[in-house]
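Remarks on the overall topology
Listed below are the residues making up each chain.
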Amino acid sequence: MIGVILMNASIFGVFSYASDYLNNVSNMSWTVISLVLFVYGLANIPGSVIGGNLLSKMPLKTAVAYPIVLGLLYVIMATLGTNPIMMAAIILVWGVLGGIGAN
């Protein structure tokens, strides 16, 4: 139970600073940031479907792999944060992971 709370806290905690990070580190305009975060939200939809399928077929592997993949994504975000194109792609993947985590 605490693990689930911490995973959701990491998603929403990072999300709350995403726009400032994308503006200050990735040098994206506010218009592009709005679009990228909109795509993040849309990516939650297929992520939710994928998450449901993964949890139905292999719940333990999914539950173990999810925080590892999410942590690796955060490391990649920090490493490639200055590249706006890479960050847009990473945000898309992060949106899918957000949908998976919502299961």
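One structure accompanies this document, and this report is about it. Model, not experiment: these values are computed from the prediction.

1. Comments concerning the overall build of the protein chain
Within the protein chain one finds four helices and zero strands. Ordered by position from N to C terminus, the α and β elements of the protein chain give α-α-α-α. For 103 residues, the compact-globule formula gives about 13 Å, and the C-alpha radius of gyration of the protein chain, at 14 Å, lands near that figure. By its C-alpha atoms, the protein chain is 40 × 20 × 20 Å across when sized along the principal axes. Out of the 103 residues in the protein chain, the part that is buried amounts to 28%. Of the contacts made within the protein chain by residues no fewer than 6 positions apart, 70% connect residues no fewer than 24 positions apart. Counting only carbon and sulfur atoms, one obtains 76% of the accessible surface of the protein chain, whose full area is about 6,200 Å².

2. Quick notes on the nonpolar core
Core analysis: the largest hydrophobic core is formed by 19 residues, its most contacted members being I11, L22, L70, M77, M87, I91 and W94. Listed by contribution, the elements that provide at least two residues to this core are α1 (2-24), α2 (30-57), α3 (59-80) and α4 (84-101). No other element matches α4, which puts six residues into this core. Filtering out sequence-adjacent residues up to four positions away, I11 remains in contact with Y40, Y66, L70, Y74, W94 and G98.

3. Comments concerning the packing of α1 against α2
Interaxial distance between α1 and α2 falls to 9 Å at its minimum, and their mutual angle equals 155 degrees. With respect to α2, the element α1 is oriented roughly antiparallel. Between α1 and α2 lies a crossing of right-handed hand. Across the interface between the two elements, I11, F15, A18, S19, D20, L22 and N23 of α1 pack against W30, I33, V36, L37 and Y40 of α2.

4. Remarks on the layout of surface pockets
Taken as a whole, the largest pocket holds about 290 Å³ of empty space. Around the largest pocket, the lining residues are G3, V4, M7, N8, L55, T62, A63, Y66, P67, I100, G101 and N103. Elements represented by at least two residues in the lining of the largest pocket include exactly α1, α3 and α4. Split into classes, the residues belonging to the lining of the largest pocket amount to seven nonpolar, five polar and no charged.

About the cut-offs
Residues numbered from 1 in each chain as written. Predicted model: local features only at pLDDT ≥ 70, side-chain atom pairs only at ≥ 80, totals over all residues. Heavy atoms only, no water. Helix = DSSP H or I, 4+ residues; strand = E, 2+ residues; numbered from the N terminus. Rg over C-alpha atoms; globule rule 2.2 N^0.38 Å. Buried < 20%, exposed > 50% of the residue type's maximum accessible area, 1.4 Å probe, protein only. Contact = heavy atoms within 4.5 Å. Areas by Shrake-Rupley, 256 points an atom, 1.4 Å probe, with all protein chains shown as cover. Core = buried A, V, L, I, M, F, W, Y, C linked by side-chain atoms within 4.5 Å. Axes fitted to C-alpha atoms, helices over the stretch in contact; angles between N-to-C directions. Parallel < 35°, antiparallel > 145°, perpendicular 65-115°, else oblique. Left-handed = near helix turned anticlockwise from the far one by under 90°. 1 Å grid on protein atoms, 1.4 Å probe; cavity = no way out; pocket = protein on both sides within 12 Å on 5 of 7 lines; lining within 4 Å. Points joined across faces, edges and corners; volume = space filled by probe spheres on them. Nonpolar A, V, L, I, M, F, W, Y, C, P; charged D, E, K, R; others polar.

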